[in-house]
Amino acid sequence: DVKVTQSSRYLVKRTGEKVFLECVQDMDHENMFWYRQDPGLGLRLIYFSYDVKMKEKGDIPEGYSVSREKKERFSLILESASTNQTSMYLCASRALGGQPQHFGDGTRLSIL
Amino acid sequence: GESVGLHLPTLSVQEGDNSIINCAYSNSASDYFIWYKQESGKGPQFIIDIRSNMDKRQGQRVTVLLNKTVKHLSLQIAATQPGDSAVYFCAERRRTDKLIFGTGTRLQVFP
């Protein structure tokens, strides 16, 4: 089975902090994704990566950046956290050209 | 509970009955559709998928139906069990290869 692991289940940070969310997958998948999930809005794509050192903006990239230095790891960075970034963050991966995306269990991030 | 469940339409069914969860999609160019199940405190879990050249696909206790004429997708769960209680949402793939997700339906199973 595909396993996507997000390093933290719950995280509380303060406004202005730089926040790192980590995601690791164990299936040698080329593609990785970061989403946020908010009530009534569904999943919205923040950034994705087709392969190592490659990244593409999703639908809501503002205030975020990403890093993909190794194939198995995809990091989401909040450069200066703000309260409107309080959300559930979900990481997903899939094989190149394959479906479906497989998700981790999420990080619930609160910005105070 | 998880705030992801707020504001969602809810389907309540009795244990053992069949459940039908519906999803309307917007883009006639979408060529691939997925159903996910999300239990409280967990990430979305893949259930079943279907390509646009098919009308129906069956899995274990689940069936997905695709009606391209009216851009409608449904998930049928046979003999619903308490463990089926979760939020279910569909996703469509557009030409950009990105997935567009629906907001979901909460399924509640009562004895």
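Quick caveat: nothing in here was measured; it's all calculated off a predicted structure.

A. Structural context of the interface of chain B and chain A. Across the contact, 23 residues belong to chain B and 25 residues belong to chain A. Summed over both sides, the interface between chain B and chain A buries roughly 1900 Å², with carbon and sulfur atoms accounting for 53% of that surface. It is Pro-44, Lys-98 and Phe-101 of chain B that lose the most area in chain B upon contact with chain A, and together they represent 25% of the buried surface on that side. If you look at where chain B meets chain A, you find zero salt bridges. The interface formed by chain B and chain A holds four residue pairs in polar contact (both at pLDDT 80 or more) in total.

B. Focus on the packing of aromatic side chains. This model, assessed by the stated rule, comprises twelve aromatic pairs over all chains. Judged by centre distance (6.1 Å) and plane angle (75°), the ring pair of Phe-103 of chain A and Phe-101 of chain B falls under edge-to-face. Here Phe-101 of chain B lies in strand E9 (residues 99–101) and Phe-103 of chain A lies in strand E10 (residues 102–103), a pairing that spans two chains. In this structure Phe-103 of chain A comes out as buried when scored by relative accessible area, which is 10%. Ring plane angle 50° and centroid distance 4.5 Å describe the contact between Tyr-25 of chain B and Phe-33 of chain B, whose orientation is recorded as tilted. The residues Tyr-25 of chain B and Phe-33 of chain B share a single accessibility class, namely buried. Taken together, the ring pairs connect Phe-33, Tyr-35, Phe-48, Tyr-50 and Phe-103 of chain A together with Tyr-36, Phe-89 and Phe-101 of chain B into an aromatic cluster.

Cut-offs and rules
Residues numbered from 1 in each chain as written. Chains lettered and ligands numbered in written order. Predicted model: local features only at pLDDT ≥ 70, side-chain atom pairs only at ≥ 80, totals over all residues. Heavy atoms only, no water. Contact = heavy atoms within 4.5 Å. Buried area = accessible area lost by both parts, 1.4 Å probe. Salt bridge = Lys/Arg side-chain N within 4 Å of Asp/Glu carboxyl O. Polar contact = N/O pair within 3.5 Å; in protein donor to acceptor, adjacent residues only side chain to side chain. Phe/Tyr/Trp six-rings, centres within 6.5 Å; stacked < 30°, edge-to-face > 60°. Helix = DSSP H or I, 4+ residues; strand = E, 2+ residues; numbered from the N terminus. Buried < 20%, exposed > 50% of the residue type's maximum accessible area, 1.4 Å probe, protein only.

That's the geometry; what it means functionally is another story.
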